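Secondary and tertiary structure notes
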Amino acid sequence: MTTAVIVFPASNCDRDAAMALKAATGKAPRMIWHKDTSIPDDVRFVVVPGGFSYGDYLRSGAIAANSPIMRDLKRKADGGLAVAGICNGFQILTEAGMLPGALMRNMNQKFVCRVSRLRLANAETRFTRLYDAKNEIDIPVAHHDGNYFADDETLKRIEDNGQVVFRYSDNPNGSRNDIAGVVNKAGNVLGMMPHPERAINSLHGGTDGKLFFQSILGSL
Amino acid sequence: MIARVYVGLKPGVLDPQGRTIAHSLNDLGFDEVQDAKQGKVIELTLSGDDREAAEARVKEMCETLLANTVIESYRIELDD
């Protein structure tokens, strides 16, 4: 199966994402430069990786969200293409209006880098269907702007729709309702601050990220 | 023409940086500071001299890129 990773200037988890996709599919993903204008038609799943695109200038993800490739990504996502934004990728997808809410500076003002325990708020999405609904999973976080904000009305809407996918057990950044990851209404676009691609090999200290990639790839 | 865009968090959105600034000022003995809000100023040098057109364009820039209207509000000032 063909997958892809979008690469922005200062993406630094693009190769980790590529390794995770290769481990799950047996095939290296296509690496797509942000200045490209289209995603090849055979691509079934796209990762928007973590990093510090454009040095986080203006706001994290704001400039990347207006990159040329984003127009085609939005168009194809509207048509049902599966997309996951991880960390800076999550920030980019909210800035692009593909996911609800926004990511703000961490409440405690500190960069947080550690393994975070997550609760599965919705284990029936295509990104989480292989996890046991009761499971708690350990996934690393590393970010300065991971404080998820949505206004009351949006928050109620996404909670009622089951769009909240992951919650922190020990909220490291002040996110509303402990939200660590959300999907769009159609369920094909996910964003999360924790890094499942950093937890696919026991050498990483944990393998709880594996089922994330296996879930989504198995659903395509 | 110079356009100055002031971007700040909307009322009701907690501003951790502003709060830290206020605490720090209190620690320095400025006890009268009850709250602080931080934001940014973006100064744009524009060609052309049609103020009305410039204002409309800068508003478009704010909505497209300069402010994230989920959490931020903005204000535009124009200088000749």
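Since this is a predicted model, take the numbers as computed values, not measurements.

Here's the deal with the packing of aromatic side chains
Think of a pair of aromatic rings as described by two things: how far the centres are apart, and how the planes are tilted against each other in angle. Enumeration according to the criterion identifies three aromatic pairs over all chains in this entry. Considering the side-chain rings of Phe 90 of chain A and Tyr 148 of chain A, the 6.0 Å spacing of their centres and the 10° angle between planes classify their relative orientation as stacked. Residue Phe 90 of chain A is located in helix α3 (residues 88-95), and its partner Tyr 148 of chain A is located in strand β8 (residues 147-149); the two are separated by 58 residues in the primary sequence. Phe 90 of chain A sits in the buried class, given a relative accessible area of 1%. Plain terms: the ring middles of Phe 127 of chain A and Phe 212 of chain A are 6.0 Å apart, the flat faces sit at 25° to each other, and that makes the pair stacked. Of this pair, Phe 127 of chain A sits in the loop between β6 (112-120) and β7 (136-143) while Phe 212 of chain A sits in helix α5 (residues 210-218), and the two are 85 residues apart along the sequence. An identical accessibility class is assigned to Phe 127 of chain A and Phe 212 of chain A; each is buried. Over the ring of Tyr 6 of chain B we find Arg 75 of chain B, and its NZ or CZ is 4.3 Å from the ring centre.

Focus on the sheet that holds strand β2 (residues 30-33) of chain A
Residue and element names in this part refer to chain A. Reading across from one edge, β2-β1-β3-β4-β11-β10-β9-β6-β7 is the order of the nine strands in this open sheet, with mixed pairing throughout. Each end of this open sheet is capped by a strand with a single partner; those strands are β2 and β7. Averaged over all adjacent pairs, the angle separating strand axes in this sheet is 25°, with direction ignored. Across eight bridges, β6 lies against β7 in antiparallel orientation. Directly across from Arg 119, in β7, lies its bridge partner Glu 136. Relative to strand β4 (residues 82-86), α3 is tilted by about 120°, and along the sheet it contacts β3 (43-48), β4, β10 (179-183) and β11 (189-192).

Re helix α2 (residues 51-66) of chain B
The end-to-end C-alpha distance of α2 of chain B, which contains 16 residues, comes to just 19 Å, noticeably less than the 22 Å that a straight helix rising 1.5 Å per residue would cover. Where α2 of chain B is buried, its residues touch β1 (2-9), β2 (39-45) and β3 (72-79) of chain B.

Topic: the pairing of β10 of chain A
Residue and element names in this part refer to chain A. Along β10, five of the five residues are buried, which leaves the element largely enclosed by surrounding structure. The pairing of β10 with β11 spans three bridges and is antiparallel. Within β11, the position partnered with Val 183 by the bridge is Leu 190. Once β10 ends, the chain turns through five residues before running back antiparallel as β11, passing Gly 187 with a positive phi of about 85°.

Analysis parameters
Residues numbered from 1 in each chain as written. Chains lettered and ligands numbered in written order. Predicted model: local features only at pLDDT ≥ 70, side-chain atom pairs only at ≥ 80, totals over all residues. Heavy atoms only, no water. Phe/Tyr/Trp six-rings, centres within 6.5 Å; stacked < 30°, edge-to-face > 60°. Helix = DSSP H or I, 4+ residues; strand = E, 2+ residues; numbered from the N terminus. Buried < 20%, exposed > 50% of the residue type's maximum accessible area, 1.4 Å probe, protein only. Lys NZ or Arg CZ within 6 Å of the ring centre and 35° of its normal. Pairing = 2+ DSSP bridges. Axes fitted to C-alpha atoms, helices over the stretch in contact; angles between N-to-C directions. Contact = heavy atoms within 4.5 Å. Expected span 1.5 Å × (residues − 1).

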